[in-house]
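What the coordinates show
Okay, here's what each chain looks like letter by letter:
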Amino acid sequence: MLELQRLDQISAALRTELEGMPKKLREADAKLIGDRAAVASAKEALTQALTQRKKLELDVEQWKERAKKYRAQSSSVKTNEAYKALQQEIGNAEAEASTAEDRVLEQMMAVEDAERRLKRLETELKESEKTIAAEKRQIEAQFAEKKKNWENATAERKATGKKLPPDLLELYERIAKKHPGTAMAQVKEGQCRACGVRVLPHTIQLLESDTDEEIFRCESCGRIFYSLEPIPHSTPNPSASGAANG
Ligand SMILES: [Zn+2]
């Protein structure tokens with residue numbers, strides 16, 4: 001029965017690990033999602049910078065166009081005042097064109113910055129993709145190995161169960177349902193190690209005598225008592241058998 005309990009504990013531990021695998025995979029993916037979002041926002045920023053450059057270039061064109069138009073008109077003005085006003089407009093338009101040209105230069109640098117940033121983030125994303133793909137392969141390999149160990153433990157547990165008298169197995173299963181992995185409780189220092197209740201000295205005496213085959217259970221928690229130190233495992237731990245690969 002102790003062997004049964006040991007195998008149940010191994011199975012349960014392996015199952016918990018197996019159940020945690022999808023979460024590990026999701027966590028690995030979450031890192032990628034962050035890097036992809038960074039690339040997407042850098043792309044968006046570059047698009048905006050390019051749009052802004054285009055707009056500023058158009059401003060330059062428009063101011064130059066306007067100055068050209070005024071210059072063409074200046075030959076056909078009749079009065080001195082109108083001529084002066086037109087000259088003023090030409091000067092103004094040229095100044096605006098020059099300011100807009102400065103802004104275009106500034107914006108070109110902004111575009112270059114955005115391009116560099118995008119390139120850097122894309123490189124980082126590629127690195128992450130490689131790292132995380134390797135990480136996921138490792139998680140999947142571990143999963144396969146642990147699944148195999150779990151199947152072995154389950155099969156071994158089944159075989160061990162069959163060696164027990166059916167009524168004992170039934171009793172064990174019933175208690176194990178209530179106390180998974182701890183259907184058996186050790187009696188130590190006169191106490192049930194599972195719930196701490198005191199055990200009658202007479203019970204301990206019977207429990208410790210090799211000849212007595214009777215089953216004793218804790219009056220408080222219902223677990224099956226054993227008094228000896230658990231026998232060191234003669235069979236190798238299934239989870240250790242494949243560890244050399246991992
Ligand atoms: Zn107890």
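Residues numbered from 1 in each chain as written. Predicted model: local features only at pLDDT ≥ 70, side-chain atom pairs only at ≥ 80, totals over all residues. Heavy atoms only, no water.

**Topic: the overall build of the protein**
Summing up its helical and strand segments, the protein has 5 helices and 3 strands in all. Each helix (α) and strand (β) of the protein, taken in turn from the N terminus, gives the series α-α-α-β-β-α-β-α. The C-alpha atoms of the protein give 40 Å as radius of gyration, which overshoots the globular expectation for 246 residues (18 Å, by more than 25%). Across its three principal axes, the protein shows a C-alpha extent of roughly 135 × 35 × 25 Å. Long-range contacts, defined here as pairs at least 24 residues apart, represent 74% of the contacts in the protein between residues at least 6 apart. (Helix = DSSP H or I, 4+ residues; strand = E, 2+ residues; numbered from the N terminus. Rg over C-alpha atoms; globule rule 2.2 N^0.38 Å. Contact = heavy atoms within 4.5 Å.)

**Thoughts on the sheet that holds strand β1 (residues 184–188)**
Within a beta sheet, neighbouring strands are joined by backbone hydrogen bonds and run either parallel or antiparallel to one another. An order of β2-β1-β3 is seen for the 3 strands of this open sheet, with the pairing classed as mixed. Whereas interior strands pair on both sides, the edge strands pair on one side only; in this sheet they are β2 (191–192) and β3 (224–226). (Pairing = 2+ DSSP bridges.)

**Concerning helix α1 (residues 2–74)**
Along an α-helix, a turn takes 3.6 residues, which lines up residues three or four apart on a common side. The end-to-end C-alpha distance of α1 is 108 Å, a good match for the 108 Å that 73 residues give at a rise of 1.5 Å each. The largest bend along α1 reaches roughly 30° and is located at M21, with the proline P22 sitting one to four residues downstream. (Expected span 1.5 Å × (residues − 1). Bend = angle between axes of the 7 residues up to and from the residue.)

**Describing the coordination of the zinc ion**
Within the protein, the atoms that donate to the zinc ion are C192 (SG), C195 (SG), C218 (SG) and C221 (SG), at distances of 2.2 to 2.3 Å. Donor residues for the zinc ion, ordered by position in the chain, follow C-x2-C-x22-C-x2-C. Assessed through its relative accessible area of 1%, C192 is described here as buried. Given a relative accessible area of 35%, C195 falls into the partly exposed group. (Donors = N, O, S within 2.8 Å, 3.2 Å for Na, K, Ca; no water. Buried < 20%, exposed > 50% of the residue type's maximum accessible area, 1.4 Å probe, protein only.)

**Re the environment of L2**
Considering the arrangement of structural elements, one finds L2 in helix α1. Owing to a relative accessible area of 27%, L2 belongs among the partly exposed residues under this scheme. Every residue in contact with L2, bar those within four places of it in the chain, is listed here: M184 and Y226.

**Some words on the packing of α1 against helix α2 (residues 80–163)**
Where α1 contacts α2, the axes come no closer than 6 Å and their chain directions differ by 170°. Considering the angle they form, α1 stands roughly antiparallel to α2. Split by residue class, the contact of α1 with α2 holds 38 nonpolar, 12 polar and 34 charged. (Axes fitted to C-alpha atoms, helices over the stretch in contact; angles between N-to-C directions. Parallel < 35°, antiparallel > 145°, perpendicular 65-115°, else oblique. Nonpolar A, V, L, I, M, F, W, Y, C, P; charged D, E, K, R; others polar.)

**A word on the packing of aromatic side chains**
Enumeration according to the criterion identifies 0 aromatic pairs in this entry. In this structure, R66 packs its charged tip against the face of W63, placed 4.6 Å from the ring centre. (Phe/Tyr/Trp six-rings, centres within 6.5 Å; stacked < 30°, edge-to-face > 60°. Lys NZ or Arg CZ within 6 Å of the ring centre and 35° of its normal.)

**What to know about the pattern of salt bridges**
Using the criterion set out here, one finds 16 salt bridges in the structure. Among the salt bridges present, the one from R6 reaches E3, with a minimum N-O distance of 3.1 Å. Residue R6 and its partner E3 are both found in helix α1; the two are separated by 3 residues, about one turn of the helix. For R157, the salt bridge identified is with E173, shortest N-O distance 2.9 Å. Placement of R157 in helix α2 and of E173 in helix α3 (residues 166–178) is noted, with a sequence separation of 16 residues between them. (Salt bridge = Lys/Arg side-chain N within 4 Å of Asp/Glu carboxyl O.)

**Looking at the layout of surface pockets**
Of the voids in this model, the second largest pocket is the one considered here, and its volume is about 250 Å³. Together, 13 residues line the second largest pocket, and D8, S11, A12, R15 and R157 are the ones closest to its centre. Elements with a minimum of two residues in the lining of the second largest pocket: α1, α2 and α3. Broken down by element, the lining of the second largest pocket gets its largest block of residues, 5 residues, from α1. (1 Å grid on protein atoms, 1.4 Å probe; cavity = no way out; pocket = protein on both sides within 12 Å on 5 of 7 lines; lining within 4 Å. Points joined across faces, edges and corners; volume = space filled by probe spheres on them.)

**Things to note about the domain arrangement of the protein**
Assigned domains within the protein: domain 1 (2–163) and domain 2 (166–230). Inter-centroid distance (C-alpha atoms) of domain 1 to domain 2 is 62 Å. Looking only at domain 1, the three residues that lose the most surface to domain 2 are L2, Q5 and R157, adding up to 64% of its buried area. Taken together, domain 1 and domain 2 are joined by 1 salt bridge. Taken together, the connections running from domain 1 to domain 2 amount to 6 residue pairs in polar contact (both at pLDDT 80 or more). Of all elements in the fold, only α1 and α2 reach the threshold of two or more residues within the side of domain 1 that touches domain 2. (Domains from an automatic or database assignment. Buried area = accessible area lost by both parts, 1.4 Å probe. Polar contact = N/O pair within 3.5 Å; in protein donor to acceptor, adjacent residues only side chain to side chain.)

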